[in-house]
Amino acid sequence: MKNRLIFIFCPLLLLCLNLNGQTTDHTNFLNGLVSAYSMENSTTVNDEMGINNGTVTGTTVVPGNLGNALNFTGSQASMGTVPTSQSLDLNGSELSFMVDNYPTANTNTNKIRFRNVINGVLRVFISSSAAPLNTWSRIICVWKSGEARIIRINSATDIEGTVYNGTQGVFPDRDITIGSYDIAGPAATRSFTGRIDNIMIWNRALTTTEQNTLINENLGFSDFNTGGTGTQAPIAPIVSSTGQ
(Lines give C-alpha, C1' and ligand atoms only; values in the text may rest on other atoms or scores of the structure.)
Protein backbone atom coordinates (compact mmCIF):
# COMPACT_ATOMS: atom_id res chain seq x y z
CA MET A 1 0.00 0.00 0.00
CA LYS A 2 1.18 3.50 -0.77
CA ASN A 3 1.62 5.78 2.22
CA ARG A 4 1.34 9.54 2.04
CA LEU A 5 4.29 11.29 3.62
CA ILE A 6 4.37 14.82 5.01
CA PHE A 7 7.68 16.55 5.62
CA ILE A 8 7.61 19.26 8.28
CA PHE A 9 10.56 21.67 8.23
CA CYS A 10 11.52 23.66 11.27
CA PRO A 11 14.87 24.95 12.57
CA LEU A 12 17.30 22.10 13.29
CA LEU A 13 14.56 19.49 12.89
CA LEU A 14 13.11 17.42 10.05
CA LEU A 15 10.13 15.20 10.80
CA CYS A 16 8.73 12.62 8.40
CA LEU A 17 5.20 11.64 9.40
CA ASN A 18 3.46 8.60 7.98
CA LEU A 19 -0.28 9.39 7.93
CA ASN A 20 -1.18 5.71 7.98
CA GLY A 21 0.60 5.10 11.26
CA GLN A 22 2.80 2.19 12.13
CA THR A 23 2.67 -0.98 10.11
CA THR A 24 0.51 -3.69 11.67
CA ASP A 25 1.23 -7.39 11.49
CA HIS A 26 -1.67 -9.12 9.72
CA THR A 27 0.01 -12.46 9.11
CA ASN A 28 -2.53 -14.09 11.43
CA PHE A 29 -4.92 -14.14 8.46
CA LEU A 30 -2.66 -16.65 6.73
CA ASN A 31 -3.51 -19.13 9.50
CA GLY A 32 -6.04 -21.54 8.02
CA LEU A 33 -6.31 -19.64 4.73
CA VAL A 34 -7.06 -22.27 2.09
CA SER A 35 -7.42 -20.09 -1.01
CA ALA A 36 -7.59 -16.40 -1.92
CA TYR A 37 -8.70 -14.92 -5.21
CA SER A 38 -7.95 -11.29 -6.07
CA MET A 39 -9.96 -11.47 -9.34
CA GLU A 40 -7.44 -9.56 -11.43
CA ASN A 41 -8.07 -10.91 -14.96
CA SER A 42 -10.93 -12.26 -17.04
CA THR A 43 -9.50 -15.62 -18.14
CA THR A 44 -8.08 -17.23 -15.01
CA VAL A 45 -9.01 -17.33 -11.33
CA ASN A 46 -5.59 -17.40 -9.74
CA ASP A 47 -5.25 -18.61 -6.17
CA GLU A 48 -2.87 -16.31 -4.26
CA MET A 49 -1.86 -19.40 -2.27
CA GLY A 50 -0.78 -21.04 -5.54
CA ILE A 51 -2.84 -24.18 -5.00
CA ASN A 52 -6.42 -24.03 -6.30
CA ASN A 53 -6.41 -22.15 -9.60
CA GLY A 54 -9.42 -21.96 -11.89
CA THR A 55 -10.85 -20.41 -15.02
CA VAL A 56 -13.52 -17.83 -15.77
CA THR A 57 -15.65 -17.01 -18.82
CA GLY A 58 -18.09 -14.28 -19.77
CA THR A 59 -16.67 -11.56 -17.52
CA THR A 60 -14.85 -8.26 -17.97
CA VAL A 61 -12.14 -6.62 -15.88
CA VAL A 62 -13.37 -3.53 -14.03
CA PRO A 63 -12.10 -1.39 -11.12
CA GLY A 64 -12.39 -3.36 -7.90
CA ASN A 65 -12.58 -2.69 -4.21
CA LEU A 66 -8.82 -3.39 -4.21
CA GLY A 67 -7.11 -3.40 -7.61
CA ASN A 68 -9.24 -5.03 -10.30
CA ALA A 69 -12.46 -6.99 -10.04
CA LEU A 70 -14.53 -9.07 -12.44
CA ASN A 71 -17.96 -8.02 -13.68
CA PHE A 72 -20.50 -10.85 -13.97
CA THR A 73 -23.55 -10.54 -16.22
CA GLY A 74 -26.10 -12.65 -14.32
CA SER A 75 -26.16 -15.92 -16.26
CA GLN A 76 -24.51 -19.33 -16.30
CA ALA A 77 -22.40 -18.12 -19.24
CA SER A 78 -20.69 -15.67 -16.87
CA MET A 79 -19.03 -17.84 -14.24
CA GLY A 80 -15.74 -18.81 -12.67
CA THR A 81 -14.88 -22.43 -11.89
CA VAL A 82 -12.28 -23.84 -9.49
CA PRO A 83 -11.80 -27.63 -9.69
CA THR A 84 -12.49 -29.59 -6.55
CA SER A 85 -9.51 -30.58 -4.44
CA GLN A 86 -8.74 -32.12 -1.07
CA SER A 87 -7.87 -28.75 0.47
CA LEU A 88 -11.24 -27.32 -0.62
CA ASP A 89 -13.16 -30.19 1.01
CA LEU A 90 -13.90 -28.27 4.19
CA ASN A 91 -15.18 -31.23 6.17
CA GLY A 92 -14.12 -30.04 9.60
CA SER A 93 -16.05 -28.28 12.34
CA GLU A 94 -15.44 -24.63 11.38
CA LEU A 95 -15.00 -22.42 8.32
CA SER A 96 -15.07 -18.82 7.11
CA PHE A 97 -15.63 -17.11 3.77
CA MET A 98 -15.13 -13.55 2.60
CA VAL A 99 -16.02 -11.77 -0.64
CA ASP A 100 -16.35 -8.18 -1.81
CA ASN A 101 -19.35 -7.62 -4.04
CA TYR A 102 -20.88 -4.73 -5.95
CA PRO A 103 -24.34 -5.75 -7.18
CA THR A 104 -25.72 -3.76 -10.10
CA ALA A 105 -29.09 -5.54 -10.26
CA ASN A 106 -31.39 -7.28 -7.82
CA THR A 107 -30.86 -11.04 -7.93
CA ASN A 108 -33.17 -12.92 -5.60
CA THR A 109 -33.29 -9.80 -3.34
CA ASN A 110 -29.47 -9.75 -3.04
CA LYS A 111 -29.64 -11.23 0.43
CA ILE A 112 -26.78 -13.49 1.47
CA ARG A 113 -27.49 -17.23 1.67
CA PHE A 114 -25.16 -19.18 3.93
CA ARG A 115 -25.68 -22.84 3.06
CA ASN A 116 -23.67 -25.69 4.50
CA VAL A 117 -24.27 -29.34 5.29
CA ILE A 118 -23.90 -30.07 9.00
CA ASN A 119 -24.07 -33.69 10.11
CA GLY A 120 -25.61 -34.63 6.77
CA VAL A 121 -28.36 -32.01 6.82
CA LEU A 122 -28.40 -28.95 4.56
CA ARG A 123 -28.76 -25.85 6.75
CA VAL A 124 -29.69 -22.53 5.13
CA PHE A 125 -29.17 -19.20 6.89
CA ILE A 126 -30.33 -16.05 5.03
CA SER A 127 -29.29 -12.53 5.97
CA SER A 128 -32.00 -10.14 7.15
CA SER A 129 -30.66 -7.32 4.98
CA ALA A 130 -29.44 -7.18 1.40
CA ALA A 131 -26.15 -6.08 -0.09
CA PRO A 132 -26.87 -2.56 -1.39
CA LEU A 133 -26.83 -1.81 -5.10
CA ASN A 134 -24.00 0.02 -6.84
CA THR A 135 -21.59 0.09 -3.92
CA TRP A 136 -18.94 -2.22 -2.52
CA SER A 137 -19.86 -4.45 0.40
CA ARG A 138 -17.58 -6.82 2.27
CA ILE A 139 -19.36 -10.08 3.05
CA ILE A 140 -18.06 -12.45 5.74
CA CYS A 141 -19.69 -15.76 6.74
CA VAL A 142 -18.46 -17.77 9.74
CA TRP A 143 -19.46 -21.07 11.29
CA LYS A 144 -17.99 -23.07 14.17
CA SER A 145 -19.52 -26.15 15.72
CA GLY A 146 -21.38 -25.23 18.90
CA GLU A 147 -21.65 -21.55 17.95
CA ALA A 148 -24.23 -19.61 15.96
CA ARG A 149 -23.51 -18.94 12.30
CA ILE A 150 -22.72 -15.34 11.42
CA ILE A 151 -23.28 -13.28 8.28
CA ARG A 152 -21.61 -9.87 8.04
CA ILE A 153 -22.53 -7.30 5.39
CA ASN A 154 -20.16 -4.46 6.24
CA SER A 155 -21.19 -3.34 9.74
CA ALA A 156 -24.50 -5.24 9.70
CA THR A 157 -24.32 -8.53 11.60
CA ASP A 158 -26.82 -11.39 11.52
CA ILE A 159 -26.44 -14.07 14.19
CA GLU A 160 -28.46 -17.23 13.65
CA GLY A 161 -30.88 -18.15 16.40
CA THR A 162 -30.11 -21.88 16.16
CA VAL A 163 -26.75 -23.43 17.11
CA TYR A 164 -25.53 -26.58 15.34
CA ASN A 165 -22.95 -29.05 16.57
CA GLY A 166 -21.12 -31.39 14.25
CA THR A 167 -18.98 -31.44 11.14
CA GLN A 168 -19.31 -29.91 7.70
CA GLY A 169 -20.19 -32.27 4.88
CA VAL A 170 -19.08 -31.86 1.27
CA PHE A 171 -20.38 -33.02 -2.09
CA PRO A 172 -17.60 -35.03 -3.76
CA ASP A 173 -16.66 -34.13 -7.32
CA ARG A 174 -18.46 -30.75 -7.20
CA ASP A 175 -16.35 -27.78 -8.27
CA ILE A 176 -16.44 -24.32 -6.73
CA THR A 177 -18.33 -21.88 -8.93
CA ILE A 178 -18.21 -18.08 -8.76
CA GLY A 179 -21.00 -15.83 -9.99
CA SER A 180 -23.43 -18.61 -10.92
CA TYR A 181 -24.32 -22.29 -10.44
CA ASP A 182 -23.02 -25.24 -12.44
CA ILE A 183 -26.60 -26.57 -12.38
CA ALA A 184 -29.05 -24.92 -14.78
CA GLY A 185 -32.05 -24.78 -12.44
CA PRO A 186 -30.52 -22.67 -9.62
CA ALA A 187 -28.46 -20.69 -12.14
CA ALA A 188 -31.66 -19.35 -13.71
CA THR A 189 -32.61 -17.44 -10.55
CA ARG A 190 -29.40 -17.07 -8.53
CA SER A 191 -26.75 -15.87 -10.97
CA PHE A 192 -25.02 -12.71 -9.78
CA THR A 193 -25.06 -9.43 -11.71
CA GLY A 194 -22.27 -7.06 -10.74
CA ARG A 195 -18.65 -7.02 -9.62
CA ILE A 196 -16.86 -9.58 -7.45
CA ASP A 197 -13.49 -9.10 -5.78
CA ASN A 198 -11.31 -10.61 -3.02
CA ILE A 199 -12.72 -14.08 -2.40
CA MET A 200 -11.11 -15.84 0.55
CA ILE A 201 -11.72 -19.24 2.16
CA TRP A 202 -10.50 -20.29 5.63
CA ASN A 203 -10.78 -23.71 7.27
CA ARG A 204 -11.25 -22.05 10.64
CA ALA A 205 -13.67 -19.58 12.23
CA LEU A 206 -12.47 -15.98 12.12
CA THR A 207 -12.75 -14.24 15.47
CA THR A 208 -14.95 -11.18 15.87
CA THR A 209 -11.81 -9.05 16.15
CA GLU A 210 -10.47 -10.49 12.90
CA GLN A 211 -13.79 -9.88 11.16
CA ASN A 212 -13.80 -6.27 12.31
CA THR A 213 -10.21 -5.78 11.15
CA LEU A 214 -10.94 -7.14 7.67
CA ILE A 215 -13.90 -4.78 7.33
CA ASN A 216 -12.57 -1.65 9.04
CA GLU A 217 -9.13 -1.78 7.43
CA ASN A 218 -10.32 -3.14 4.07
CA LEU A 219 -7.47 -5.65 3.94
CA GLY A 220 -6.48 -7.67 0.91
CA PHE A 221 -4.21 -10.68 0.54
CA SER A 222 -1.13 -8.50 0.02
CA ASP A 223 -1.66 -7.02 3.48
CA PHE A 224 -1.39 -10.47 5.05
CA ASN A 225 2.10 -11.01 3.66
CA THR A 226 3.53 -7.52 4.03
CA GLY A 227 1.84 -6.39 7.22
CA GLY A 228 0.29 -3.51 5.30
CA THR A 229 -2.12 -1.05 6.85
CA GLY A 230 -4.92 -1.51 4.32
CA THR A 231 -6.89 1.28 2.70
CA GLN A 232 -9.99 3.22 3.54
CA ALA A 233 -12.90 1.31 2.05
CA PRO A 234 -16.00 2.86 0.43
CA ILE A 235 -18.14 0.90 2.88
CA ALA A 236 -19.76 1.57 6.21
CA PRO A 237 -17.38 1.38 9.19
CA ILE A 238 -17.97 -0.71 12.27
CA VAL A 239 -18.78 1.35 15.34
CA SER A 240 -19.02 -1.47 17.87
CA SER A 241 -16.24 -3.86 18.84
CA THR A 242 -18.88 -6.62 18.98
CA GLY A 243 -20.11 -5.88 15.46
CA GLN A 244 -23.72 -5.69 16.71
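A quick note: this is a predicted structure, and the numbers were derived from the prediction, not measured. (Residues numbered from 1 in each chain as written. Predicted model: local features only at pLDDT ≥ 70, side-chain atom pairs only at ≥ 80, totals over all residues. Heavy atoms only, no water.)

Attention now moves to the side chain of S96. Relative to the helices and strands, S96 is located in strand β9 (residues 94-103). A polar contact is formed between the side chain of S96 and the backbone nitrogen of L206, at a distance of 2.9 Å. When neighbours within four sequence positions are excluded, S96 is seen to be in contact with C141, V142, M200, I201, W202, R204, A205 and L206. (Helix = DSSP H or I, 4+ residues; strand = E, 2+ residues; numbered from the N terminus. Polar contact = N/O pair within 3.5 Å; in protein donor to acceptor, adjacent residues only side chain to side chain. Contact = heavy atoms within 4.5 Å.)

Our next topic: the packing of aromatic side chains. Counted by the stated rule, this structure contains 3 aromatic pairs. Taken together, the aromatic side chains of F29, F221 and F224 make up a single cluster linked through ring pairs. Positioned over the ring face of F114 is R149, at 5.3 Å from the centre of the ring. Directly above the ring of Y102 sits R195, whose terminal nitrogen or CZ lies 4.8 Å from the centroid. (Phe/Tyr/Trp six-rings, centres within 6.5 Å; stacked < 30°, edge-to-face > 60°. Lys NZ or Arg CZ within 6 Å of the ring centre and 35° of its normal.)

Time to look at the sheet that holds strand β8 (residues 79-82). Strand order in the open sheet made by the 4 strands is β4-β5-β8-β16, with antiparallel pairing throughout. At either end of the open sheet lies a strand with only one pairing partner, and these are β4 (44-45) and β16 (176-178). When β4 meets strand β5 (residues 54-57), the two strands line up antiparallel, connected through 2 bridges. Bridged to T44 within β5 is T55. (Pairing = 2+ DSSP bridges.)

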